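Each chain, letter by letter, is given below.
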Amino acid sequence: MTEVPKVTIHHLEVRFQVDGDDGAVFTRLFNQHIQAWAKLYEDQCARAKHTEAERRFGDAEGRS
């Protein structure tokens, strides 16, 4: 698997009102969205790897 680039967040302010435990709601929403982002990132990396492999295959055919 491709390494995820490191990101540093220096300041993050989130405001929302919910019924119940604010921390639990934030954690659930954050996890949901970070997992969606990670899936998109992994898919993008897989497409790039596949494209690179196809390019190398085409280059190898040209040298035959």
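Structural data are supplied above this passage.
Parameters and conventions
- Every chain begins its residue count from 1, and numbering advances along the sequence as written.
- With the structure being a predicted model, the display of local features is reserved for residues of pLDDT at least 70 and the display and counting of side-chain atom pairs for 80 or more, all residues being used for whole-chain, interface and lining totals.
- Hydrogen atoms and water are omitted, and side-chain values are computed over all heavy atoms in the structure.
- A pairing counts as a salt bridge when a side-chain nitrogen of Lys or Arg comes within 4 Å of a carboxyl oxygen of Asp or Glu.
- Runs of H or I in DSSP of at least four residues are treated as helices and runs of E of at least two as strands, each being numbered from the N terminus.
- Type-normalised accessible area, obtained with a 1.4 Å probe on protein chains alone, sets the label of each residue: buried when under 20%, exposed when over 50%, and partly exposed for intermediate values.
- Each aromatic pair joins two rings of Phe, Tyr and Trp (for Trp, the six-membered one) with centres within 6.5 Å, and gets the label stacked for planes under 30 degrees apart, edge-to-face for over 60, and tilted for any other angle.

Draft legend 1. View of the pattern of salt bridges. Within this structure, the stated rule accounts for four salt bridges. Residues Arg-55 and Glu-52 are paired through a salt bridge, measuring 3.7 Å at the closest nitrogen-oxygen approach. Residue Arg-55 and its partner Glu-52 are both found in helix α1 (residues 22-62); the two are separated by three residues, about one turn of the helix. In this structure Arg-55 comes out as exposed when scored by relative accessible area, which is 53%. A relative accessible area of 33% places Glu-52 in the partly exposed class. One salt bridge connects Glu-52 with Arg-56, and the closest N-O pair in it is separated by 3.6 Å. One end of the pair is Glu-52 and the other is Arg-56, both in helix α1 and four residues apart, which spans about a single turn. In this structure Arg-56 comes out as exposed when scored by relative accessible area, which is 52%. Salt bridges here are not isolated pairs; linked through shared partners, they connect Glu-52, Arg-55 and Arg-56.

Draft legend 2. How the structure looks around the packing of aromatic side chains. The final tally for this structure, using the stated rule, is two aromatic pairs. Ring geometry for Phe-26 and Phe-30: centres 5.9 Å apart, planes at 25°, overall stacked. One end of the pair, Phe-26, and the other, Phe-30, are both in helix α1, four residues apart, so they sit about a helical turn from each other. Ring centres of Trp-37 and Tyr-41 lie 5.4 Å apart, and the angle between their planes is 15°; this geometry places the pair in the stacked category. With Trp-37 and Tyr-41 both in helix α1, this residue pair falls four residues apart, about one helical turn. Here Tyr-41 falls in the buried class, since its relative accessible area comes to 16%.

Draft legend 3. Highlighting the environment of Leu-12. With respect to the helices and strands, Leu-12 occurs in the segment before α1. The spacing of Leu-12 and Ala-36 is 24 residues in sequence and 20 Å in space, taken between C-alpha atoms.

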